[in-house]
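Fold and contact review
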Amino acid sequence: MAACADELIVMTDDGSAGRKGLVTAGIEEVLLREPVHLVVAIGPAIMMKFSALLTLKHKIPTIVSLNTIMVDGTGMCGACRISVGGRTRFVCVDGPEFDAHQVDFDEMMKRLNAYRQDEKLAYERFLAKPAPQR
């Protein structure tokens, strides 16, 4: 990223890389010192939601790249269904990039959390299996 950007600001929750803090602090730092014409947010849904809320306040167009649950990649299963601007969209065929100010992040995160317990159990089973013999 640093090779193709004028500036790279790395923010981490614990400060283990870059600076300690939320990504919105880094975004706001730039917004307050210079004009910004577009923000692109890629990462956890909660981070993209709050980035979108911040840029909406500043009236800056923002694109998010969504990573919802996907099953078949054709939109037929509906697992990646989201609401954008009040209309149903499918991340696998209509995205994954969308206008952040139109995405219903609360609905999306609720759907993402629907399988949280199943994902946890599957991960625990994975960890419990012995490594394959070679």
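The paragraphs below set out a description of the structure included in this document. Keep in mind that this is a model prediction, so the values were computed, not measured.

Conventions adopted
Residues numbered from 1 in each chain as written. Predicted model: local features only at pLDDT ≥ 70, side-chain atom pairs only at ≥ 80, totals over all residues. Heavy atoms only, no water. Salt bridge = Lys/Arg side-chain N within 4 Å of Asp/Glu carboxyl O. Helix = DSSP H or I, 4+ residues; strand = E, 2+ residues; numbered from the N terminus. Pairing = 2+ DSSP bridges. Axes fitted to C-alpha atoms, helices over the stretch in contact; angles between N-to-C directions. Buried < 20%, exposed > 50% of the residue type's maximum accessible area, 1.4 Å probe, protein only. Contact = heavy atoms within 4.5 Å. Phe/Tyr/Trp six-rings, centres within 6.5 Å; stacked < 30°, edge-to-face > 60°.

**What about the pattern of salt bridges?**
- All chains considered together, the criterion is met by eight salt bridges.
- Where Arg33 meets Glu34, a salt bridge forms, and the shortest distance between an N and an O atom there is 3.0 Å.
- The salt bridge involving Glu119 is made with Arg116; its shortest N-O contact spans 3.8 Å. In this pair, Glu119 and Arg116 are both assigned in helix 5 (residues 116-128), three residues apart and thus about one turn of the helix distant.
- Here the residues in one salt-bridge network are Glu7, Arg19, Glu29, Arg33 and Glu34, joined through shared partners.

**Focus: the sheet that holds strand 7 (residues 97-99)**
- Taken in spatial order, the three strands line up as 3-4-7 in an open sheet, and their pairing is mixed. Only two strands of the sheet have a single neighbouring strand rather than two, namely strand 3 (39-42) and strand 7. In this sheet, adjacent strand axes meet at a mean angle of 25° when their direction is disregarded.
- Pairing of strand 4 (residues 62-65) with strand 7 involves three bridges; the strand directions are antiparallel. Looking across to strand 7, one finds that Ser65 is bridged to Glu97.

**Some words on the side chain of Ser51**
- On the secondary structure map, Ser51 appears in helix 2 (residues 45-57).
- Since its relative accessible area comes to 0%, Ser51 is described here as buried.
- For Ser51, the contacting residues outside a window of four places in its chain are Val23, Thr24, Ile27 and Ala41.

**Quick word on the packing of aromatic side chains**
- For the coordinates displayed, the defined rule picks out one aromatic pair.
- Their ring planes at 25° and their centres at 6.5 Å tell us that Tyr123 and Phe126 sit as a pair that is stacked. Remark: Phe126 and Tyr123 occur in helix 5; sequence separation between them is three residues, near one turn of the helix.

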